[in-house]
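# Working through the structure, step by step
The primary structure of each chain is shown beneath.
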Amino acid sequence: MMDKMKILAIDDNTVNLATLEQELKTKYEVIPMISGRRAIKYLYRETVDLILLDVQMPIMDGIETLKEIRTQENGVTVPVIFLTAKKDKTTVLEGAKLGIMDYITKPFDPQDLHERIERVFKRLGVLPMEEEELYTRVKAIYDDLKTGKVKQAVMKVEEVLNYQIDEEMSGRIRSALNMLKHNELDDALLMVQRVVEFLEKKVSGTRGSALPIAESDISVRILYAVDDLENFKRKEALTKLRDLQKYDVGAYVYKVLNEVIEMLGSFDEVRAEKRLRVLLDELKLKGSSELSKESEANAAKGISSAGYHSTII
């Protein structure tokens, strides 16, 4: 049995520390620290896999703590997620200079917390990427190549290869990258297309077990999520959209829901609400299955649906 990965949680609030430990203890070994100074002393002798660091702390705040951590052998490269009571641009930018990988606004949603931690571990290659996410990313690469955005495609390919993915898939994607670097665009496009088609079949097979749902119910559930966003209820909207993904909503709607969930994960509520409203308008004109077929046809022609692209951090 593999040892649990160790997460160092630093917060001056004992209630916050207890909450973090309670939420994460089934998956991770959580080491709670009440101050930056104590955490720094701990890192002199121990290593951890991830640090959850509160920004607003007395005496030594999160920025000062992280600066000190980065001077230590056990803290130079350790991934860090900021915990902050407010979305402060200056703090996030300062943290970015010190290599933070994400930030979470408190009070946090437990599912969002888990997803963000897993996202960091996936980016580091510690956890494998699910086929659904890999398909979404490779499809975005294919769309870029179809529309002549070669530089964007190369960047996305290099990012995907940092993740832990199936050897057969990584080999083909790496081959496509070599082709792109040698300006063999047609061959690279063909290789990426083959990977997309293979993953599409696997993902479709997985979705085949999804629960049935009436077309009208899809729109109603999305409308409820929009109402939540209008009333500043991001967490409730996230829950509704994730629940909706358990149903057979069609490939296009599922993809849009993924995009919106990603936006809400980054607290981009304005764009998320706009995207859901566009989706509602589309569903008024056509059913989800018809939208899926149209999306596939557009993708083959190099046309993006509704002018939106999935952005995954």
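For the structure itself, look to the data block above.
All values derive from a computational prediction rather than experimental measurement.

## Focus on empty space enclosed by the protein
Taken as a whole and judged by the stated rule, the model has 1 cavity of 30 Å³ or more. Within this model, the largest cavity holds a volume of roughly 50 Å³. If you trace the largest cavity, you find it lined by V138, I141, V157, R172, I173, A176, M191, V192 and V195. Elements represented by at least two residues in the lining of the largest cavity include exactly α6 (131–146), α8 (167–181) and α9 (185–207).

## What about the packing of helix α12 (residues 251–265) against helix α13 (residues 269–285)?
Remark: α12 packs on α13, axes separated minimally by 8 Å, with the N-to-C direction vectors making an angle of 165°. One element, α12, and the other, α13, form an angle in the roughly antiparallel class. As for the relative orientation of α12 and α13, their crossing is left-handed in sense. Residues Y252, V253, V256, L257, E259, V260, M263 and L264 of α12 lie in contact with α13, whose contacting residues are E269, R271, A272, R275, L276, L279, E282 and L283. Taken together, the residues of the contact of α12 with α13 break down into 11 nonpolar, no polar and 5 charged.

## Focus: unusual backbone geometry
Residue P107 is bonded to the preceding K106 through a cis peptide linkage, with omega at -5°. A positive phi angle, near 65°, is found at I59, a position not held by glycine. Note that I59 resides in the loop between β3 (50–54) and α3 (62–69). Accessibility expressed as a relative area gives 86% for I59, which makes it exposed. A positive phi angle, close to 60°, is found at F232, a residue other than glycine.

## So, the side chain of K6
Examined against the element boundaries, K6 turns out to sit in strand β1 (residues 6–10). A distance of 3.2 Å separates a polar atom in the side chain of K6 from the backbone oxygen of T47. Contact partners of K6, with chain neighbours within four places excluded, come to E29, I31, Y42, E46, T47, V48, D49 and L50.

## A few points about the environment of T26
For T26, the location among the structural elements is in the loop between α1 (14–24) and β2 (29–33). The exposure class of T26 is exposed, given its relative accessible area of 62%. As a C-alpha pair, T26 and F232 span 206 residues in sequence and 31 Å in three-dimensional space.

## Quick look at the side chain of R234
You can see R234 is positioned in helix α11 (residues 234–244). Of the buried charged residues, R234 lacks a salt bridge, with D112 as the closest side chain of opposite charge at 4.1 Å. Ignoring anything within four residues of it in the chain, the contact list for R234 reads D112, L229, L264, G265, F267 and E269.

## Looking at the pattern of salt bridges
Per the stated rule, a full pass over the model turns up 26 salt bridges. One salt bridge in this structure joins R116 and D102, with 2.7 Å as the shortest N-O distance. Of the two residues, R116 is situated in helix α5 (residues 110–123) and D102 in strand β5 (residues 100–105); the sequence distance between them amounts to 14 residues. A relative accessible area of 11% places D102 in the buried class. With a closest N to O distance of 2.5 Å, R242 and E115 form a salt bridge. On the criterion of sequence distance, the pair formed by R242 in helix α11 and E115 in helix α5 is long-range, its members being 127 residues apart. Linked through salt bridges whose partners overlap, the residues forming this network are K122, E130, E133, R137 and E159.

## Things to note about the nonpolar core
Counting 27 residues, the largest nonpolar core has L134, V138, I141, I165, I173, V192 and L199 as its most contacted members. Breaking this core down by element, the ones donating at least two residues are α6, α7 (150–160), α8 and α9. Top element by residues in this core is α9. It accounts for 7 residues. When neighbours within four sequence positions are excluded, I173 is seen to be in contact with L134, V138, V157, V160, L161 and I165. Core analysis: the second largest hydrophobic core is formed by 26 residues, I222, L257, I261 and L276 among them.

Rules used in this analysis
Residues numbered from 1 in each chain as written. Predicted model: local features only at pLDDT ≥ 70, side-chain atom pairs only at ≥ 80, totals over all residues. Heavy atoms only, no water. 1 Å grid on protein atoms, 1.4 Å probe; cavity = no way out; pocket = protein on both sides within 12 Å on 5 of 7 lines; lining within 4 Å. Points joined across faces, edges and corners; volume = space filled by probe spheres on them. Helix = DSSP H or I, 4+ residues; strand = E, 2+ residues; numbered from the N terminus. Axes fitted to C-alpha atoms, helices over the stretch in contact; angles between N-to-C directions. Parallel < 35°, antiparallel > 145°, perpendicular 65-115°, else oblique. Left-handed = near helix turned anticlockwise from the far one by under 90°. Contact = heavy atoms within 4.5 Å. Nonpolar A, V, L, I, M, F, W, Y, C, P; charged D, E, K, R; others polar. Buried < 20%, exposed > 50% of the residue type's maximum accessible area, 1.4 Å probe, protein only. Polar contact = N/O pair within 3.5 Å; in protein donor to acceptor, adjacent residues only side chain to side chain. Lys, Arg positive; Asp, Glu negative; His and termini not counted. Salt bridge = Lys/Arg side-chain N within 4 Å of Asp/Glu carboxyl O. Core = buried A, V, L, I, M, F, W, Y, C linked by side-chain atoms within 4.5 Å.

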